[in-house]
Amino acid sequence: MTMNRRFELPVLVLLLLVLLPSVALGHPGHVHETGGVLAGMLHPLTGFDHVFAAIAAGVWAYRGQGRSMFLLPAAFLGSMVLGAGIAGMGVHLPAVEPMVALSVITLGVLVATKARWSQSISLGLLAIFGVFHGAAHVSELAAGASVFGYTGGLLLASALLLVAGVGIGYATTDRAPVAARLGQAFGALTACAGVFALHLAVLAG
């Protein structure tokens, strides 16, 4: 067994460990979080839409190779800060939940089809999606709750999900056929999760 093969199984197991609790819990809806770093870390992990999107973004970033592995996650996290700031100021972006769902669908399709886009287009796409993800989570804070600690926890949890995605990208990109198919299956599952999230958003709207 080669060194690469030894790393593939643990990373795929990590994928299951990350996803299963999130799918079981689903998204709690517009819960009024009280703020704080711990709440910020835990909240995105209980929403399957954010978990799938962040991991898929990491997978896609790895496939870009080179600087994309760092720039794409940074663009997603940086734009989350922007979205969090917008929501923290009381500005309500239109169609936040549908846009979050659309991000999950889009990233799932990109991973499933092994798409490779230019770095500039990829950065722009993840930046747009990140704004809506950041706004969606901060908009669920209770009135008067501190945005700063909560946003810090949110970014930390999101960064860990992105790193997990990069690891999964490493384990499933240009590897043995079984690993490659698992990567595509994850993309398809992500897209299906996005469709389900869009359905919930439409019902809620």
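Focus: the packing of aromatic side chains
Here comes step 1: Taken as a whole and judged by the stated rule, the model has four aromatic pairs.
Here comes step 2: Aromatic side chains Phe52 and Phe186 sit 6.2 Å apart centroid to centroid with 20 degrees between the ring planes, which places their arrangement in the stacked category. Of this pair, Phe52 sits in helix 3 (residues 48-64) while Phe186 sits in helix 8 (residues 177-204), and the two are 134 residues apart along the sequence.
Here comes step 3: We classify Phe52 as buried; its relative accessible area is 3%.
Here comes step 4: Note on Phe186: relative accessible area 4%, which makes it buried.

Considerations on the side chain of His50
Here comes step 1: With respect to the secondary-structure elements, His50 resides in helix 3.
Here comes step 2: In this structure His50 comes out as buried when scored by relative accessible area, which is 0%.
Here comes step 3: If we skip the residues at most four places from it in the chain, His50 touches Pro44, Phe76, Met80, His133, His137, Ser158 and Leu161.

What about the nonpolar core?
The nonpolar side chains of a soluble globular protein tend to be buried with one another.
Here comes step 1: Counting 30 residues, the largest nonpolar core has Ile55, Trp60, Leu107, Leu126 and Phe186 as the members making the most contacts within it.
Here comes step 2: Counting residues per element, the ones that place at least two in this core are helix 3, helix 4 (68-88), helix 5 (96-112), helix 6 (119-138), helix 7 (147-172) and helix 8.
Here comes step 3: No other element matches helix 3, which puts eleven residues into this core.
Here comes step 4: Ala84, Val138, Ala145 and Tyr150 belong to the second-largest nonpolar core, a separate cluster that totals eight residues.

Considering the environment of Ala95
Here comes step 1: Relative to the helices and strands, Ala95 resides in the loop between helix 4 and helix 5.
Here comes step 2: A relative accessible area of 45% places Ala95 in the partly exposed class.
Here comes step 3: Taking the C-alpha atoms as reference points, Ala95 and Val202, separated by 107 residues in sequence, lie 10.0 Å from one another.

Thresholds, definitions, all that
Along each chain, the written sequence defines residue order, and numbers are assigned to residues from 1. The model is predicted, so local features are restricted to residues of pLDDT at least 70 and side-chain atom pairs to those at 80 or more, both for listing and for counting; the totals for chains, interfaces and linings are taken over all residues. Think of the side-chain values as coming from all heavy atoms in the structure, minus any hydrogens and water. Only the six-membered ring of Trp is used, alongside the rings of Phe and Tyr, when aromatic pairs are assigned; centres must lie within 6.5 Å, and planes under 30 degrees apart are stacked while those over 60 apart are edge-to-face, with the rest tilted. Runs of E in the DSSP output that reach at least two residues are strands. Runs of H or I that reach at least four are helices, and both are numbered from the N terminus. Note on exposure labels: buried denotes an accessible area under 20% of the residue type's maximum, exposed denotes more than 50%, and partly exposed covers the range between, all computed with a 1.4 Å probe on protein chains only. Pairs of residues are marked as contacts when any of their non-hydrogen atoms sit within 4.5 Å. We call a set of buried residues a nonpolar core when its members are Ala, Val, Leu, Ile, Met, Phe, Trp, Tyr or Cys and they connect through side-chain atoms within 4.5 Å of each other.

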